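Fold and geometry: a report
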Protein chains: 4
Amino acid sequence: MSAGVNKVILIGNLGKDPEVRHLDNGATVANFSIATTESYKDRNTGQRVDQTEWHNIVLWRGLAEVAEKYLKKGDSVFIEGKLRTRSWEKDGVTRYTTEVVGDQMTMLGNKRGGSDDNNQDYSSNNNDSGMGRSQQTASAASNTPDTDSEMDDLPF
Amino acid sequence: MSAGVNKVILIGNLGKDPEVRHLDNGATVANFSIATTESYKDRNTGQRVDQTEWHNIVLWRGLAEVAEKYLKKGDSVFIEGKLRTRSWEKDGVTRYTTEVVGDQMTMLGNKRGGSDDNNQDYSSNNNDSGMGRSQQTASAASNTPDTDSEMDDLPF
Amino acid sequence: MSAGVNKVILIGNLGKDPEVRHLDNGATVANFSIATTESYKDRNTGQRVDQTEWHNIVLWRGLAEVAEKYLKKGDSVFIEGKLRTRSWEKDGVTRYTTEVVGDQMTMLGNKRGGSDDNNQDYSSNNNDSGMGRSQQTASAASNTPDTDSEMDDLPF
Amino acid sequence: MSAGVNKVILIGNLGKDPEVRHLDNGATVANFSIATTESYKDRNTGQRVDQTEWHNIVLWRGLAEVAEKYLKKGDSVFIEGKLRTRSWEKDGVTRYTTEVVGDQMTMLGNKRGGSDDNNQDYSSNNNDSGMGRSQQTASAASNTPDTDSEMDDLPF
DNA sequence: TTTT
DNA sequence: TTTT
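Residues numbered from 1 in each chain as written. Chains lettered and ligands numbered in written order. Predicted model: local features only at pLDDT ≥ 70, side-chain atom pairs only at ≥ 80, totals over all residues. Heavy atoms only, no water.

Going by the annotation in an unreviewed UniProt entry, the name recorded for chain A is Single-stranded DNA-binding protein, with Marivirga lumbricoides given as the source organism. Here chain A is described in UniProt, under the heading Subunit (unreviewed entry), as follows: "Homotetramer." (UniProt positions renumbered as here; feature names shortened; annotations may be inferred.)

In structure tokens, the structure reads:
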């Protein structure tokens, strides 16, 4: 349950390879940034100006493992997720970082060849990351039994 | 896994009370229509014209039960789901119906009072429909053990 | 103004080349279908089953011209738009067709080579379809002055 | 044109009344925060925990004026927009703030009565804010002629 | 830091 | 009718 809706939909390119950490509790987390660019005409100069926005993406468990395995700098991805703002201290100053915690990801191609052949969608619910289901879930949350989605074998 | 993205986001009002069926296999399904209205200025007359679009919504299991219990004609809801077109025969003619299969629902208020007090979000993954979790899941898919989302007790 | 929200977000592949018509009033309209595929595990057989959904896309004016020029069978596109159900008579029977009227399109690559090089976004508001703005708008709605979006030269 | 997609969809409640500024160039800008709450079950305690996320909203021109006129602390709104991260200096430290720049808003009701009667949608393109169209646009960008959307008098 |  |  939750009050309200918190949804982000992005298509952009990775600025660098993902940074992936394997936590002590068995969970995997991936961090990377993707860029979206909007261009507009400057009122005064009449010139086209590109404005690039960088989005911090966080993926957990199965999605993080897919990112680790398949995503590289420059790749194009569709990310669906939610906004989350974290605060942290540095030099006695509280700082805030807003991230997009992804729960759905589709790889949209890269320049390494075979762009469309890799166009697949992953969600944080079903753990169909190509390495086999149980393996997938196990590495995402080691002490969680892989019975998380009996209902996703129904087409609705 | 899936190739592509199929997502619908609607906010509209129910034209009638939901029709709810309890299937033999224990599943519950709710059907209702919601209206969204767009107004535009007619080029010739200069008059404002309202154009109302009706959307056929289908909800399964826990969401259907929430709809049965709480949704009435006129209520405003947020629905997130996917498009699905079904075909059926009638008088030897194949007909098509496009529906929105909801996987997320938020009630946005009604005119019966208590609008905001009821503003709650439901998803087809967690079965938090107010009647208790196990009960909820049981009625949605009778022979499915209620272990569907050990991971939703993590805030990410 | 409009009451409610009516939004569709799709990523899929064209089943055929777009059908493009140039209307007498100067407007261009493009029609094509895109497929999204979801796969699920059949409860009884345990087999993976692919379920493909076909979406009827309609694009107007500038977007239609971009489609005419750049989209081909098999191409992958991101489409954002709204649902619209039309009714029409045939043999005395009223039939309904639900379409997605696109107002935003991003080409996500194809198999003809240069996938990412063509990854550009178009909207029904700015008419930046690569052939020059005024030209674009003129063909989209011949008797409409190209002053439609002075505000889109601001980056917010 | 733009490369990629940058879209945010929120439904939440205002934490305070909007702060509205009327700039020297005639533009109006509104800032406010809305909260979305997600609840999850803590693994260890088994308790339900509410996690509230605050989103910084920025609205310009017509939307800002609608916010100034109609939105109050506690009100529920639907916001569609895009993410934008700004940086600013303070005490020699660069700080970042991520905001949602809204381009669509629907008021979903309040506790002051008349919830549904006020359920209307506004966009940053058409300036239909109830005070009359030209007035609306004029205050949003004083030196911009009100010819911005001849095409929005077509229902597609 | 990406991409067009 | 596409795609993986």
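1. Some points on the relation of the copies chain C and chain B
Laying chain C over chain B is done by rotating through 180° and shifting 0.0 Å along the axis; what remains is an RMSD of 0.0 Å. The transformation just described matches what one would write down for a two-fold rotation axis. Judged by C-alpha distance, Val8 of chain C is the residue of chain C that lies nearest the rotation axis, at 2.2 Å. Here 100% of the contact residues of chain C are again contact residues in chain B; the copies associate through an equivalent surface. (Least-squares fit on C-alpha atoms with pLDDT ≥ 70 in both. Contact = heavy atoms within 4.5 Å.)

2. With respect to the relation of the copies chain D and chain A
With an axial shift of 0.0 Å and an RMSD of 0.0 Å, the rotation relating chain D to chain A amounts to 180°. Looking at chain D, 100% of its interface residues are interface residues in chain A too, so the copies touch through the same face.

3. Some points on the interface of chain C and chain B
Facing 32 residues of chain C, the contacting portion of chain B comprises 32 residues. Looking only at chain C, the three residues that lose the most surface to chain B are Val5, Glu53 and Leu83 of chain C, adding up to 19% of its buried area. Across the contact surface, chain C and chain B share two salt bridges. Glu38 of chain B is the salt-bridge partner of Lys82 of chain C, the closest N and O atoms lying 2.9 Å from each other. Inspection of the chain C/chain B interface yields eight residue pairs in polar contact (both at pLDDT 80 or more). (Buried area = accessible area lost by both parts, 1.4 Å probe. Salt bridge = Lys/Arg side-chain N within 4 Å of Asp/Glu carboxyl O. Polar contact = N/O pair within 3.5 Å; in protein donor to acceptor, adjacent residues only side chain to side chain.)

4. Concerning the pattern of salt bridges
A complete count under the given rule lists 20 salt bridges over all chains for this structure. The shortest N-O distance in the salt bridge between Glu99 of chain B and Arg86 of chain B comes to 2.7 Å. Of the two residues, Glu99 of chain B sits in strand S7 (residues 93–107) while Arg86 of chain B sits in strand S6 (residues 76–90), which places them 13 residues apart along the sequence. Residue Glu99 of chain C is joined to Arg84 of chain C by a salt bridge in which the shortest nitrogen-to-oxygen separation is 2.9 Å. Within this pair, whereas Glu99 of chain C is found in strand S7 (residues 93–107), its partner Arg84 of chain C is found in strand S6 (residues 76–90), the two being separated by 15 residues in sequence. (Helix = DSSP H or I, 4+ residues; strand = E, 2+ residues; numbered from the N terminus.)

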